[in-house]
Amino acid sequence: EFDMFITSAARLARRKQWYQRRVREICIAGESGGGYICTGACVMLAQNDESHLIKLAMPAIPMVDDYAFSDPGAMTLEERDSHTVMRQVWRMIAADMDQQAEDPLLFPGKASDEILAKFPPTILVEGEFDMFITSAARLARRLRRAGRLLEFVVFPGVTHHVCLWPAFR
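The numbers attached to residues start from 1 for each chain and follow its sequence in the written order. With the structure being a predicted model, the display of local features is reserved for residues of pLDDT at least 70 and the display and counting of side-chain atom pairs for 80 or more, all residues being used for whole-chain, interface and lining totals. Side-chain figures throughout are based on the complete set of non-hydrogen atoms in the structure, without hydrogens or water.

K.L.:
Would you take a moment to explain the environment of leucine 77 for this structure?
P.N.:
Helical segments are the DSSP runs of H or I of at least four residues, strand segments are the runs of E of at least two, and each set is numbered from the N terminus. Positionally, leucine 77 belongs in helix H4 (residues 77-93). Only protein chains enter the accessibility calculation, which uses a 1.4 Å probe. A residue is then buried if its area is under 20% of the maximum for its type, exposed if over 50%, and partly exposed in between. With a relative accessible area of 48%, leucine 77 lands in the partly exposed category. In this structure the C-alpha to C-alpha distance between leucine 77 and methionine 131, which are 54 residues apart in sequence, comes to 8.3 Å.

As structure tokens, then:
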């Protein structure tokens, strides 16, 4: 999915005539699983030194790391309620969970500081009671330290459906 996502954006940006006029107008975004793809695309762009092709990345309520595999006793209620399902989701996404455990293309939140420093400018969107709030907050801090975070928006009082809820459209 990352390859297809990147290929489409990069193909547009590489067309010389189009590139000269519009390359700085491409924004990538996604919600939840789409936020995961968006963040993974940022990793791939950074690995390929192509982040300059994107003006803005805006992952919303993104899946970014393996926090679901940690101790549920330390999780928020929402994280604890979803951690079993999220473990299954990650196992379905991974080709080999053990082999890919540190791969930032599987878990974008595990990208090195050097890779994060190459991300496009990023706005992270979360809900206060989202099941990914801890992971997103940690990634936001790391992106801020790398100079790539424009804003970390947390909508107060809302859950995972922060971007799907009609009041926020």
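K.L.:
Can you walk me through the pattern of salt bridges in this structure?
P.N.:
Side chains carrying opposite charge are able to pair once their charged atoms draw close together. Whenever Lys or Arg places a side-chain nitrogen within 4 Å of a carboxyl oxygen from Asp or Glu, that contact is recorded as a salt bridge. Throughout the structure, instances matching the rule amount to 5 salt bridges. As a salt-bridge pair, aspartate 65 and arginine 138 come within 2.9 Å of each other at their nearest N and O atoms. With a gap of 73 residues between them, aspartate 65 in the loop between strand E2 (56-60) and H4 and arginine 138 in helix H7 (residues 133-145) connect regions that are remote in the sequence. One salt bridge connects aspartate 113 with arginine 142, and the closest N-O pair in it is separated by 2.9 Å. Pair noted here: aspartate 113 is in helix H6 (residues 113-116) and arginine 142 is in helix H7, with a separation of 29 residues, a long-range link. Overall, aspartate 113 belongs to the partly exposed group, its relative accessible area being 40%. When salt bridges that share partners are traced, they join Asp66, Glu102 and Lys110 into one network.

K.L.:
Is there a simple way to explain unusual backbone geometry in this structure?
P.N.:
Residues other than glycine predominantly adopt negative phi, and peptide bonds predominantly adopt the trans conformation. The backbone of serine 32 shows a phi angle near 60 degrees, a positive value even though the residue is not glycine. Within the element layout of this structure, serine 32 appears in the loop between strand E1 (27-31) and helix H3 (33-47). Classification of serine 32 by relative accessible area gives buried; the value is 19%. Not every positive phi belongs to a glycine, and isoleucine 61 is a case in point at roughly 40 degrees. When its relative accessible area of 0% is taken as the criterion, isoleucine 61 is described as buried.

K.L.:
Mind showing me how you'd approach H7 here?
P.N.:
Side chains three or four residues apart in an α-helix point the same way, a direct result of the helix having 3.6 residues per turn. The end-to-end C-alpha distance of H7 is 18 Å, a good match for the 18 Å that 13 residues give at a rise of 1.5 Å each. Among the residues of H7, those classed as buried are Ile133, Ser135, Ala136, Ala137, Leu139, Ala140, Arg142 and Leu143. When checking whether two residues touch, look at their non-hydrogen atoms; a contact exists if any pair is within 4.5 Å. In the core, the buried residues of H7 are packed alongside H3, H4, H6, strand E3 (122-127) and strand E4 (149-155). A positive backbone phi angle near 80 degrees is found at glycine 147, which sits one or two residues after H7. Multiplying 1.5 Å by the helix residue count minus one yields the expected span of that helix.

K.L.:
Looking at this structure, how should I read the nonpolar core?
P.N.:
Buried together is how nonpolar side chains tend to be arranged in soluble globular proteins. Residues belong to one nonpolar core when they are buried, are Ala, Val, Leu, Ile, Met, Phe, Trp, Tyr or Cys, and are joined through side-chain atoms within 4.5 Å. If you look at the biggest cluster of nonpolar residues, it comprises 24 residues, and the most contacted ones within it are Ile28, Phe119, Leu124, Leu143 and Phe152. Put simply, the parts of the chain that give this core at least two residues each are H3, H6, H7 and E4. Aside from chain neighbours lying at most four places away, what touches phenylalanine 152 is Leu124, Glu126, Ile133, Ala136, Ala137, Ala140 and Arg144. Residues Ala68, Trp90, Phe107 and Phe132 belong to the second largest nonpolar core, which totals 10 residues.

K.L.:
Would you mind going over empty space enclosed by the protein with me for this structure?
P.N.:
Using a probe with the size of a water molecule, rolled over the atoms, empty space left in the structure can be pinpointed. Computed over the protein atoms alone on a 1 Å grid, cavities are sets of points where a 1.4 Å probe fits but cannot get out and pockets are open sets with protein on both sides within 12 Å along at least five of seven lines; a residue lines them when it has an atom within 4 Å of a point. Grid points are joined across faces, edges and corners, and a volume is the space filled by probe spheres set on the points. Summed over all chains, the structure comprises 1 cavity of 30 Å³ or more. By volume, the largest cavity is sized at about 130 Å³. Taken together, 15 residues line the largest cavity, and the ones lying closest to its centre are Tyr67, Ala68, Met131, Phe132 and Ser135. For the lining of the largest cavity, the secondary-structure elements that each account for two or more residues are H4 and H7. Examining the composition of the lining of the largest cavity, we find that 5 residues originate from one element, H4, more than from any other. Nonpolar residues are Ala, Val, Leu, Ile, Met, Phe, Trp, Tyr, Cys and Pro. Charged residues are Asp, Glu, Lys and Arg, and all others, Gly as well, are polar. Looking at the lining of the largest cavity, its residues break down into 9 nonpolar, 4 polar and 2 charged.

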